[in-house]
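Next come the chains, spelled out residue by residue.
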Amino acid sequence: MRALVRVARTIVIGAAVLAVSAVPAHAGPLRAVPGAPSVQPPTASCFQFPYFGPKGHANFDFGREIVRLLDERGVRVRGIAPIEAKPANRGVYMPIGWKRDHIDPCNGVYYPGGFVLHDVRSGHEAAIHDIYLRPDGAHAQVSIDGEPQGERLVATYRLHEFAAGVPTPRPLEGGVGPRYWPFYVSAYLSRTVRDLTGLPLDEGDYLANLDAVVQYVP
């Protein structure tokens, strides 16, 4: 039990790091480099913490209405390694681990990989990859039909909706983490999806829930 308490405290510290990273210490916007991840090298004021969990996983499950819209339009979701797409457009699965993820006080919590939305009817594709979680939501590099669009805010969330659930014990899964972390459609995602597919996706619509488990027990 004491070990779980220590783990919970560690995760809360990680969440606090995310909260204080709202104002980046580097000057100027991040510039998109085709084919390159959006990870910035550490500096004296922008050093990197090790990720707070040696392993784990996160399920990013789309809301029922989102799945219905994707299915009706014929949009298919594909994963970009190490993120994997779930069957039937239900969402994506993301591994967690210190070997691939880190906390950057200036840029947020980083997840490599991503996913592609492929509109079968029109042939358009939107790729969302190299994802950062920051206090205002999820930022990612975006490519449309292979053309890099730079870093964009693709989804938002409310800190108060998940902060209390961050240290939730998950004994059957050997770790801790929030079961309920709702994400919402950003203005950019709404415009982009409407332009590419015509789907009536509005800013603020419920997008998905993130259920994440950080594991400490082998």
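First, a word on scope: everything that follows refers to the structure included in this document. (Residues numbered from 1 in each chain as written. Predicted model: local features only at pLDDT ≥ 70, side-chain atom pairs only at ≥ 80, totals over all residues. Heavy atoms only, no water.)

Here's the deal with the overall build of the protein chain
As a reminder of what qualifies: Only runs of H or I of at least four residues qualify as helices and only runs of E of at least two qualify as strands under DSSP, and these elements are numbered from the N terminus. For every residue, the accessible area (1.4 Å probe, protein chains only) is compared with the maximum for its type, and the residue is labelled buried under 20%, exposed over 50%, or partly exposed between those bounds. Here, two residues are considered to be in contact whenever any of their heavy atoms come within 4.5 Å of each other.
The number of helices and strands found in the protein chain is four helices and 14 strands. The proportion of buried residues among the 218 residues of the protein chain is 50%. Across the protein chain, every contact between residues at least 6 apart in sequence was considered, and the portion connecting residues at least 24 apart equals 61%.

Describing empty space enclosed by the protein
Rules: Within this scheme a cavity is a closed region of a 1 Å grid, computed over the protein atoms alone, that accommodates a 1.4 Å probe without allowing it to escape, whereas a pocket is open but has protein on both sides within 12 Å along at least five of seven lines; lining residues each have an atom within 4 Å of a point. Grid points are joined across faces, edges and corners, and a volume is the space filled by probe spheres set on the points. Residues are sorted three ways: Asp, Glu, Lys and Arg are charged, Ala, Val, Leu, Ile, Met, Phe, Trp, Tyr, Cys and Pro are nonpolar, and all the rest, Gly among them, are polar.
The final tally for this structure, using the stated rule, is three cavities of 30 Å³ or more. Here the largest cavity is characterised by a volume of approximately 350 Å³. Elements with a contribution of two residues or more to the lining of the largest cavity: strand S2 (55-62), helix H2 (64-73), strand S5 (91-96), strand S7 (108-119), strand S8 (125-134), strand S10 (147-156), helix H4 (187-197) and strand S14 (206-215). Tallied by class, residues from the lining of the largest cavity come to 23 nonpolar, no polar and no charged.

Some thoughts on the pairing of S2
Every regular strand shows the same layout, with side chains that alternate between the two sheet faces. Threshold: A pair of strands is treated as paired once DSSP finds two or more bridges between them.
Among the eight residues in S2, six count as buried, and that is most of the element. Pairing of S2 with S14 involves eight bridges; the strand directions are antiparallel. Its bridge partner lying in S14, Lys55 is registered against Gln215.

Focus: the environment of Ile131
Its place among the elements puts Ile131 in strand S8. Sequence separation of Ile131 and Tyr111 is 20 residues, and the distance between their C-alpha atoms is 5.1 Å. The contact partners of Ile131, leaving out residues within four places of it in the chain, are Ile83, Val109, Tyr110, Tyr111, Gly113, Gly114, Ala138, His139 and Ala140.

Considering H2
Applied cut-off: Starting at the helix axis, one direction is taken to each C-beta atom, and the arc is that of these directions.
Listed in full, the buried residues belonging to H2 are Ile66, Val67, Leu69, Leu70 and Arg73. The arc that holds the buried residues of H2, viewed along the axis, is 165 degrees, so those residues lie on one side. In H2, the exposed residues that point more than 90 degrees away from the buried face are Arg64 and Glu72.

Structural notes on H4
Within the sequence span of H4, burial applies to Tyr188, Leu189, Ser190, Thr192, Val193, Leu196 and Thr197. Looking one or two residues past H4, Gly198 carries a phi angle of roughly 80 degrees, positive in sign.

Section: the nonpolar core
Using the following cut-off: Residues enter a nonpolar core if they are buried and are Ala, Val, Leu, Ile, Met, Phe, Trp, Tyr or Cys, with the set joined through side-chain atoms within 4.5 Å.
One finds Phe60, Phe62, Leu133, Phe183 and Leu207 to be the most contacted residues of the largest nonpolar core, which totals 43 residues. Every residue in contact with Phe60, bar those within four places of it in the chain, is listed here: Arg90, Gly91, Val92, Met94, Phe183, Leu207, Ala208, Asn209 and Leu210.

Looking at the packing of aromatic side chains
Rule in force here: Geometry of aromatic contacts follows a simple scheme: Phe, Tyr and Trp rings, the Trp one being its six-membered ring, pair when their centres are within 6.5 Å, and the pair is stacked under 30 degrees between planes, edge-to-face over 60, tilted otherwise. Note on criteria: charge over ring means Lys NZ or Arg CZ within 6 Å of the ring centre, with the direction from the centre no more than 35 degrees off the ring normal.
Within the structure shown, the criterion is met by nine aromatic pairs. Ring geometry for Tyr157 versus Trp181: centroids 5.3 Å apart, planes at 85 degrees, classification edge-to-face. Of the two residues, Tyr157 sits in the loop between S10 and helix H3 (159-162) while Trp181 sits in the loop between strand S12 (175-176) and strand S13 (182-185), which places them 24 residues apart along the sequence. Taking the centre distance of 3.9 Å and the plane angle of 5 degrees together, the rings of Phe162 and Trp181 count as stacked. In this pair, Phe162 sits in helix H3 while Trp181 sits in the loop between S12 and S13, placing the two residues 19 residues apart along the sequence. Grouping residues by exposure puts Phe162 and Trp181 together as buried. Taken together, the aromatic side chains of Phe60, Phe62, Phe115, Tyr157, Phe162, Trp181 and Phe183 make up a single cluster linked through ring pairs. Here the basic side chain of Arg158 rests over the ring of Tyr184, its NZ or CZ set 4.0 Å away from the ring centre.

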